[in-house]
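Listed below, chain by chain, are the residues.
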Amino acid sequence: MDRERLALYAGTVAAYGDMYITQSILPMLSAEFGVGAARAGLTVSAVVLAIALSSSLYGPLSDALGRRRVMAGATALLSLATLACAFAPSLGALVALRAVQGAFVPGMTAVSVAYAGDRFGGRGLPQVVAGIIGASVVGGLLGRVLAGGIAAHGGWRAPFVAFAALTAVAALLLARGLAEGGARRGDGMAAAWAGMLGHLRDPRLVGAYLVGGALFFAFIGIFTYLPYRLSAPPYRLPAGVVSSVYLVYVAGVVSSRAAGRLSGRIAPRTLIAFGLVVEAAGMVLTSARPLAVVVLGLVVLVIGTFVAQAVAPAFVNVTAETAKGGASALYLTSYYVGGTLGAALPGLAFQARGWGGVVAACVAATGVAMLANALLCGRVPRARAPR
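Residues numbered from 1 in each chain as written. Predicted model: local features only at pLDDT ≥ 70, side-chain atom pairs only at ≥ 80, totals over all residues. Heavy atoms only, no water.

## Focus on the overall build of the chain
Here is step 1 of the chain: Secondary structure summary: the chain contains 18 helices and zero strands in total.
Here is step 2 of the chain: The C-alpha radius of gyration computed for the chain amounts to 19 Å, which stays within 12% of the reference 21 Å derived for 387 residues, consistent with globular compactness.
Here is step 3 of the chain: Taken along the three principal axes of its C-alpha coordinates, the chain extends 60 × 40 × 35 Å.
Here is step 4 of the chain: A burial count over the chain gives 58% of its 387 residues as buried.
Here is step 5 of the chain: The long-range fraction of contacts in the chain, counting pairs at least 24 apart against all pairs at least 6 apart in sequence, stands at 84%.
Here is step 6 of the chain: Separation between the mean location of the 29 positive side-chain charges and that of the 11 negative ones in the chain comes to 7 Å. (Helix = DSSP H or I, 4+ residues; strand = E, 2+ residues; numbered from the N terminus. Rg over C-alpha atoms; globule rule 2.2 N^0.38 Å. Buried < 20%, exposed > 50% of the residue type's maximum accessible area, 1.4 Å probe, protein only. Contact = heavy atoms within 4.5 Å. Lys, Arg positive; Asp, Glu negative; His and termini not counted. Charge placed at Lys NZ, Arg CZ, Asp CG, Glu CD.)

Structure follows, in structure tokens:
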């Protein structure tokens, strides 16, 4: 792997690792601060909401100022915000600092696909994007498994220190390893914003944005509240063991890379549809009582999710003819709006109906994604329709 791709993947791993630090230790935070599942879940939903709100800034910013500067600078600031979380004196302060983290995460995640489009366009783009998605899987895995293991031995603050150091290294690699990656726009931020908002007139892109939001709602809903199910009867698994269940993420590395290779031979919408069906099937399997079947369901869920997610961002980049940074940023905004809702609403379903409520809410979201892919992603914009 060349230095440029290494930097791109390292930044992605760090950003996604920071995002998910608290997910596997929510029961620990509940015990530490004396709060229920929904309030502890704010440490996840706060970062996701901040990502959703700030993602639309970074695409136009990178179109105007250059990709490398935005990615390296935001990742450096993310490392400082992550370190600050280790010193939070209360749950409220931790939630606020998690939101600060979230404000810097899209400086990497919302720009990386646009950078790949600049530097690795054409037939090579799907595989590079699949590599980015694979790196996001690795980051999410580290954020859950490594954070849980560190917290089990050093307390809930220790993972933030470790991940701050990891993120600082990634920022250095980005600054030194990336090319500028895309010409700066001479007409500034106003034109970049106009180009981004213009994508909302294309039903294919709107459909992809709905796919991303619903896809992540379902995924994060299952994995955010999974620790509560596994730490309760009949399983009663300790925090370290619960965090190890997130090793099912390894399946996402394999499936995302396989989807990248298949995207040259199978239509993107077909792969997205297949991934969504597999994702929904995995969710249903997690309703079973035997732990082995629950884990199998999680593996199936991860495979389906990352087949669809490996294809959808590249579909957006190829479909958008201009302002590609803005197009990618809108996808990330929708993705994380869905994730924000997915980190909160299934918590209410869990408190009302238990695990079955979580599964029902997440399967319904996957259905929304299926409809968007079927009804919108294949439509030709009116201005381009054949006469």
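## Quick look at the pattern of salt bridges
Here is step 1 of the chain: If you walk through the whole model with that rule in mind, you get three salt bridges.
Here is step 2 of the chain: The shortest N-O distance in the salt bridge between Glu4 and Arg119 comes to 2.7 Å. With Glu4 in helix H1 (residues 3-19) and Arg119 in helix H8 (residues 112-119), the pair connects residues that are 115 residues apart, well separated along the chain.
Here is step 3 of the chain: Of the charged contacts, one joins Asp118 and Arg67 as a salt bridge, the two residues approaching to 2.7 Å between their closest N and O atoms. Pair noted here: Asp118 is in helix H8 and Arg67 is in helix H5 (residues 67-85), with a separation of 51 residues, a long-range link. (Salt bridge = Lys/Arg side-chain N within 4 Å of Asp/Glu carboxyl O.)

## Structural notes on the packing of aromatic side chains
Here is step 1 of the chain: The final tally for this structure, using the stated rule, is eight aromatic pairs.
Here is step 2 of the chain: Ring plane angle 90° and centroid distance 6.3 Å describe the contact between Trp156 and Phe160, whose orientation is recorded as edge-to-face.
Here is step 3 of the chain: Taking the relative accessible area as the measure of exposure, Trp156 reaches 5% and is therefore buried.
Here is step 4 of the chain: Ring centres of Phe216 and Tyr335 lie 4.2 Å apart, and the angle between their planes is 5°; on these two criteria the pair is classed as stacked. Here the residue Phe216 occupies a position in helix H12 (residues 203-231), and Tyr335 occupies one in helix H17 (residues 324-353), the gap between them amounting to 119 residues.
Here is step 5 of the chain: Each member of the aromatic cluster is reached from another via a ring pair, and the members are Phe33, Trp156 and Phe160. (Phe/Tyr/Trp six-rings, centres within 6.5 Å; stacked < 30°, edge-to-face > 60°.)

## What about a nonpolar patch on the surface?
Here is step 1 of the chain: Nonpolar side chains collect at one region of the surface, where Val337, Leu341, Leu345 and Leu348 lie side by side and expose about 330 Å² of accessible area between them.
Here is step 2 of the chain: Secondary-structure assignment places Val337 in helix H17. (Patch = residues over 30% accessible without salt bridge, like charges linked within 9 Å, V, L, I, M, F, W, Y side chains within 5 Å. Areas by Shrake-Rupley, 256 points an atom, 1.4 Å probe, with all protein chains shown as cover.)

## Structural notes on the nonpolar core
Here is step 1 of the chain: Counting residues in hydrophobic clusters, the biggest one holds 119 residues, and the most contacted among them are Ile222, Phe223, Tyr249, Leu298 and Tyr336.
Here is step 2 of the chain: With 17 residues, the single largest contributor to this core is H12.
Here is step 3 of the chain: With near-sequence residues (within four places) excluded, Ile222 lies in contact with Met283, Leu298, Leu301, Trp355, Val358, Val359 and Cys362. (Core = buried A, V, L, I, M, F, W, Y, C linked by side-chain atoms within 4.5 Å.)

## So, the packing of helix H4 (residues 42-65) against helix H6 (residues 91-104)
Here is step 1 of the chain: It is at 7 Å that the axes of H4 and H6 come closest, and there the two elements cross at 30°. For the element pair H4 / H6, the angle class is roughly parallel. In this structure, the crossing between H4 and H6 has a hand that is right-handed. Contacts from Leu42, Thr43, Val44, Ala46, Val47, Ala50, Ile51, Ser54 and Tyr58 of H4 reach H6 at Leu91, Leu94, Val95, Arg98, Ala99, Gln101, Gly102, Ala103 and Phe104.
Here is step 2 of the chain: When its residues are assigned to classes, the contact of H4 with H6 shows 13 nonpolar, four polar and one charged. (Axes fitted to C-alpha atoms, helices over the stretch in contact; angles between N-to-C directions. Parallel < 35°, antiparallel > 145°, perpendicular 65-115°, else oblique. Left-handed = near helix turned anticlockwise from the far one by under 90°. Nonpolar A, V, L, I, M, F, W, Y, C, P; charged D, E, K, R; others polar.)

## Let's talk about the side chain of Asp18
Here is step 1 of the chain: For Asp18, the position within the fold is in helix H1.
Here is step 2 of the chain: Lacking a salt bridge, the buried Asp18 has Arg98 as its closest oppositely charged neighbour, with an N-O distance of 7.0 Å.
Here is step 3 of the chain: In this structure the side chain of Asp18 is engaged in a polar contact, spanning 2.7 Å, whose partner is the side chain of Thr167.
Here is step 4 of the chain: Not counting chain neighbours up to four residues away, the residues in contact with Asp18 comprise Leu78, Thr82, Arg98, Gln101, Phe163 and Thr167. (Polar contact = N/O pair within 3.5 Å; in protein donor to acceptor, adjacent residues only side chain to side chain.)

## Here's the deal with a positive patch on the surface
Here is step 1 of the chain: Together, Arg5, Arg257, Arg261 and Arg265 make up a positively charged patch on the protein surface.
Here is step 2 of the chain: Mapping Arg261 onto the fold places it in helix H14 (residues 250-262).

## A closer look at the side chain of Glu4
Here is step 1 of the chain: Look at Glu4 and you get buried, because its relative accessible area is 12%.
Here is step 2 of the chain: Within the local environment of Glu4, its side chain forms a polar contact with the side chain of Tyr115, the two groups lying 2.3 Å apart.
Here is step 3 of the chain: Those residues within four positions of Glu4 in sequence are excluded, and the remaining contacts are Tyr115, Arg119, Phe120, Gly177, Leu178 and Ala179.

Remember, this is a structural readout, not a statement about activity or role.
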